[in-house]
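Structural overview for review
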Amino acid sequence: MADSSTVSRGLEGVVAASTKLSDVRGDIGQLIYCGYDINELAGQVSYEEVVHLLHYGHLPNKRELADLKAQMASEREIPQQIIDMIKGFPKDTPPMHVVRSGISALGCLDQERDADTPEKRREICIRIAARIPVVTAYFHRIRQGKEIIPSDPNLSEAANFLYLLDGQTPEPEKEKTIDLCYVLHADHGMNASTFSARVTIATLSDIYSAITTAIGTLKGPLHGGANEGVIKMLQEIGTLENVDDYIGDCLRNKKKVMGIGHRIYKTLDPRAPHLRKMAHILSEKMGEAKWIKMSDRIADIMLKEKNLHANVDFYSATVYYTLGIPVDLYTPIFAIARTAGWTAHVLEQLADNRLIRPQSSYIGPEGLKVTPIEQRQ
Ligand code: COA
């Protein structure tokens with residue numbers, strides 16, 4: 001029996017795996033992808049380059065990038081059965097449910113799902129990464145009663161997703177913004193959803209199951225769901241003048257302020273300033289400065305009162321809102337980007353696998369005797 005004094009609530013401080021993929025240095029506010037500081041990558045490389053980096057350990061040269069882009073573009077089409085399944089879901093289904101079920105169902109139709117060579121497994125990973133935006137965008141069109149449109153192989157991952165949502169090739173700035181959001185969200189050490197993906201694949205289940213697990217884990221408001229929570233909170237607060245009272249009330253009642261705080265970062269989340277900068281630029285352009293002003297005020301109060309910093313979700317919410325993206329697609333966008341990291345972690349786990357099986361400390365009763373059912377209260 002495990003000793004209860006060794007329990008780490010929420011596995012805080014527990015090192016669950018070695019990885020070459022990414023490192024979150026919470027004490028100094030640094031995030032590394034395969035040796036590159038996120039500040040070095042952000043604005044200099046595309047999401048597809050980051051997918052290559054995480055999957056092959058190095059940034060692609062021109063030919064490698066072209067090959068990966070062509071591979072992703074060729075894998076985008078989803079089977080009619082999946083489209084029919086999505087059409088059958090109630091229109092008010094939260095999109096994260098659809099994304100989770102869509103990826104799970106894609107596994108039913110993929111005859112290569114139990115592939116056991118590294119190359120074939122990598123193909124499945126790229127296939128999933130290419131299809132998750134399509135599942136998301138198709139559901140969005142279907143729920144609006146619109147026709148779905150085929151992907152455009154000439155568009156980047158970010159642009160194609162926006163194209164599938166709106167039916168129009170996006171402005172370069174909008175594409176660039178979503179691409180940067182993808183880059184910033186692509187991987188993040190042993191976060192909850194990545195851990196859950198590794199736990200699933202470590203049983204030698206299949207890649208679709210591992211990614212389905214990860215999507216379900218990301219969905220929660222303490223993880224990827226926080227970005228939706230941020231905008232809902234901003235809407236509830238309504239005006240800059242109401243911020244102080246609202247946050248004061250949260251603090252008095254120990255209510256969590258969405259988008260604030262982090263298990264690992266005890267200083268600024270290095271992704272937040274990139275998103276904050278984007279949020280400021282977009283807000284100024286759109287003439288909707290209210291949300292970013294409210295966000296900045298909330299961040300100031302939380303830092304002063306609780307020494308807690310804004311995290312990645314805090315400003316990404318304002319960025320997506322200003323771009324006119326529906327609120328319930330914020331977490332699916334996070335899932336789309338994080339599929340790069342999840343799939344890379346799954347392959348890394350398989351390359352040196354051992355079942356992940358922690359213990360629990362039993363704190364229930366002992367020695368009970370069975371009472372015949374007729375005599376039970
Ligand atoms: N708002 C208000 N207080 C917060 C807070 C927040 N967002 N985040 C942490 N705290 C406070 C807790 O109330 C607690 O205070 P106490 O010691 O006075 O009771 C302390 O900070 C520790 O919080 P805890 O929830 O134990 O930290 P954690 O490491 O388990 O949780 C998060 C980390 C991210 C889950 C947490 O900060 C949170 O819930 N944030 C909001 C959701 C969010 O933005 N998630 C996205 C993360 S990228």
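Quantities reported herein were computed from a predicted structural model and do not represent experimental measurements.

The rules behind each value
- Residues numbered from 1 in each chain as written.
- Predicted model: local features only at pLDDT ≥ 70, side-chain atom pairs only at ≥ 80, totals over all residues.
- Heavy atoms only, no water.
- Helix = DSSP H or I, 4+ residues; strand = E, 2+ residues; numbered from the N terminus.
- Rg over C-alpha atoms; globule rule 2.2 N^0.38 Å.
- Buried < 20%, exposed > 50% of the residue type's maximum accessible area, 1.4 Å probe, protein only.
- Contact = heavy atoms within 4.5 Å.
- Areas by Shrake-Rupley, 256 points an atom, 1.4 Å probe, with all protein chains shown as cover.
- Pairing = 2+ DSSP bridges.
- Disulfide = S-S within 2.5 Å.
- Near = heavy atom within 4 Å.
- Polar contact = N/O pair within 3.5 Å; in protein donor to acceptor, adjacent residues only side chain to side chain.
- Nonpolar A, V, L, I, M, F, W, Y, C, P; charged D, E, K, R; others polar.
- Axes fitted to C-alpha atoms, helices over the stretch in contact; angles between N-to-C directions.
- Parallel < 35°, antiparallel > 145°, perpendicular 65-115°, else oblique.
- Left-handed = near helix turned anticlockwise from the far one by under 90°.

**Remarks on the overall build of the protein chain**
- Counting its regular elements, the protein chain contains 16 helices and three strands.
- Here the C-alpha atoms of the protein chain give a radius of gyration of 22 Å, agreeing with the 21 Å that 2.2 N^0.38 yields for 377 residues.
- When each of the 377 residues of the protein chain is scored for burial, the buried share is 51%.
- Look at the contacts in the protein chain between residues 6 or more apart in sequence, and 74% of them connect residues 24 or more apart.
- Summing over all exposed atoms, the protein chain offers an accessible surface of approximately 18500 Å²; the carbon and sulfur share of this is 51%.

**A closer look at the pairing of strand S2 (residues 30–33)**
- Residues Gln30 and Ile32 point to one face of S2 and Leu31 and Tyr33 to the other, with burial holding for every one of them.
- In the sheet, strand S1 (residues 22–25) pairs with S2 via four bridges, with the strands oriented antiparallel. Its bridge partner lying in S2, Val24 is registered against Leu31.
- Hairpin geometry of S1 and S2 is characterised by an intervening segment of four residues between the two adjacent antiparallel strands and by a positive phi of about 65° at Gly29.
- Alignment of S2 against strand S3 (residues 36–37), held across two bridges, turns out to be antiparallel. In the sheet register, Tyr33 faces S3, and the bridge partner there is Tyr36.

**Describing the sheet that holds S1**
- Pairing in this open sheet of three strands is antiparallel, and the strands run S1-S2-S3 from one edge to the other. Sheet topology places S1 and S3 at the edges, where each strand pairs with a single neighbour.

**Topic: the state of the cysteines**
- One pass over the full model with this rule turns up zero disulfides.
- With no disulfide partner, Cys108 has as its closest neighbouring cysteine sulfur the one in Cys125, 18 Å distant.
- Taking the relative accessible area as the measure of exposure, Cys108 reaches 55% and is therefore exposed.

**A look at the site of the ligand**
- Taken together, 19 residues form the shell around the ligand, and within it Lys256, Val257, Gly259, Ile260 and Arg263 come nearest.
- In the environment of the ligand, an oxygen atom lies 3.1 Å from a nitrogen or oxygen atom belonging to the side chain of Lys254.
- In this structure, Lys256 approaches the ligand through a side-chain N or O atom, which is 2.8 Å from an oxygen atom.
- Summarising the interface, the protein chains cover 68% of the accessible area of the ligand, which totals 850 Å² for the free molecule.
- Of the residues belonging to the shell around the ligand, the class tally is eight nonpolar, five polar and six charged.

**Details of the packing of helix H3 (residues 62–74) against helix H6 (residues 118–143)**
- Where H3 contacts H6, the two axes come as close as 8 Å, and the packing angle between them is 65°. Comparing the axis directions of H3 and H6 gives the class roughly perpendicular. Crossing angle aside, the handedness with which H3 passes H6 is right-handed. For the pair H3 and H6, contact is made by Leu68, Gln71 and Met72 and by Glu123, Ile126, Ala129 and Ala130, respectively.
- Residue composition of the contact of H3 with H6, grouped by class: five nonpolar, one polar and one charged.

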